[in-house]
Amino acid sequence: MNLFFEWLRGANSLLKIGVFFLIWAIAWLPIAIPIAWQFNWHPTKPLKQALKLALLAPLYAIAPLIVWGAATIEKSSFAEYGLTWQPKFFLSTVAGLSLGIGGLIVVFTVERSLGWLQWQTENLPRLRSVIFPLLALALWISITEELIFRGFLLDELQQNYTIAVAAIVSSTIFALLHLIWERAQTIPQLPGLWLMGTILVGARLVDDGSLGLACGLHAGWIWGLSSLDSAQLLSYTGKGNPWITGIGGQPLAGIAGILCLFGTGAILSVGFLKFFY
């Protein structure tokens, strides 16, 4: 076994990443298959939200263990991947949350002023029951995904490639893996998901290698969109072109969402964190 670990440690980054995802899948499938049977689901059927959450929970629960195993083999640590529990990390996370939510507010305010959407204010009471559970869920998802994609993957890729290539490859893997769940809905979002991954790489670089800002940004986008969706706080009027507002009501599948990401990247490029410390 030690010989295998030594060989793996010296292997190309892409091979190590392939082994990482293979082990993750092998560890998850014995849990996922009984869950799918319980829901009487197979891959040709649409994936309902309840089943998706039931499958995601164990997948994300075991992810830190798989990353920890990879870090042990690589003689690395979560701290080197950018995940620490220092005060700066939490400040960066709050800054990222603010920037992520702020970007969504700008996009939806502009779309409302153009008559492309309308607020369903009568549903505001629904928001109270979901807002904090969704925040906890958004933080869990974002921290897990950032540890994997902007932490482990990015660091591994930089062992053999430049930061630019590492950002491109890690963002491509990040986008393509979303196809596991809802392919028809995800395909129009692939360019946006790739750009999102690239922006989150930039967030880690701006934050001096910490994942705090990236986690906050990612969580802010998930929290904002899932809260609006769960509480049914907005509806599109049909006056805006779906290529702008987002195909299928998905902001990342439209020009508005892409511009929001570019705007976030522009803010990061001028040193957003200087205003918080």
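Thresholds applied
- Residue positions within a chain follow its written sequence, with the count starting from 1.
- The model is predicted, so local features are restricted to residues of pLDDT at least 70 and side-chain atom pairs to those at 80 or more, both for listing and for counting; the totals for chains, interfaces and linings are taken over all residues.
- Note that water and hydrogens are dropped before the side-chain values are worked out from all heavy atoms of the structure.
- The way it works is that DSSP assigns letters per residue, a run of H or I at least four long becomes a helix, a run of E at least two long becomes a strand, and they are numbered from the N terminus.
- Put simply, the radius of gyration uses C-alpha atoms, and a globule should come to 2.2 Å times the residue count raised to 0.38.
- Relative accessible area decides the class of each residue, using a 1.4 Å probe on protein chains only: under 20% of the type maximum gives buried, over 50% gives exposed, and in between gives partly exposed.
- Contacts are residue-level and defined by heavy atoms, with any inter-residue pair within 4.5 Å sufficient.
- Method for areas: the Shrake-Rupley scheme with a 1.4 Å probe, in which residue coverage is limited to the protein chains shown.
- Positive: Lys, Arg. Negative: Asp, Glu. His and the chain ends are not part of the count.
- Where a charge lies is defined by one atom per residue type, namely NZ (Lys), CZ (Arg), CG (Asp) and CD (Glu).
- Domain start and end points were adopted from an automatic or database domain assignment.
- Note on definitions: buried area is the accessible-area loss of two parts on being combined, 1.4 Å probe, summed for both.
- Here, a salt bridge means any side-chain nitrogen of Lys or Arg that lies within 4 Å of a carboxyl oxygen of Asp or Glu.
- Between N or O atoms, a polar contact is any pair within 3.5 Å; within protein, one atom must be a potential hydrogen donor and the other a potential acceptor, and residues adjacent in sequence are included only when both atoms are from side chains.
- In plain words, nonpolar cores are sets of buried Ala, Val, Leu, Ile, Met, Phe, Trp, Tyr and Cys residues tied together by side-chain atoms within 4.5 Å.

Counting its secondary structure elements, the chain contains 11 helices and two strands. Reading the helices (α) and strands (β) of the chain from amino to carboxyl end gives α-α-α-α-β-α-α-α-α-α-β-α-α. Taken against the 2.2 N^0.38 rule, which gives 19 Å for 277 residues, the C-alpha radius of gyration of the chain at 19 Å falls within 12% of a compact globule. For the chain, the residues scored as buried account for 47% of the 277 residues in total. Considering only intrachain contacts with a sequence separation of at least 6, the fraction spanning at least 24 residues in the chain is 74%. Working note: accessible area of the chain is about 14,200 Å², and carbon and sulfur atoms make up 71% of it. The distance from the centre of the 15 positive side-chain charges to the centre of the 13 negative ones in the chain is 7 Å.

Entries for the chain in the domain assignment read domain 1 (1-75) and domain 2 (84-274). If you average the C-alpha positions of domain 1 and of domain 2, the two centres end up 23 Å apart. Taken residue by residue, the interface counts 23 residues in domain 1 and 20 residues in domain 2. Together, the buried faces of domain 1 and domain 2 total about 1,900 Å²; carbon and sulfur atoms form 73% of this surface. If you sort the residues of domain 1 by the area they bury against domain 2, Ser13, Ile17 and Tyr60 come out on top, with a joint share of 29%. Counting every contact that joins domain 1 to domain 2 gives one salt bridge. Counting the contacts that link domain 1 with domain 2 gives seven residue pairs in polar contact (both at pLDDT 80 or more). Listing elements by their share of the side of domain 1 that touches domain 2, those giving two or more residues are helix H2 (13-38) and helix H3 (49-73).

What follows concerns the nonpolar core. Among the nonpolar cores identified, the biggest contains 73 residues, and Phe20, Phe21, Trp24 and Ile148 are the most heavily contacted of them. Examining the composition of this core, we find that 13 residues originate from one element, helix H5 (residues 124-157), more than from any other. Taken domain by domain, this core gets at least three of its residues from each of domain 1 (1-75) and domain 2 (84-274).

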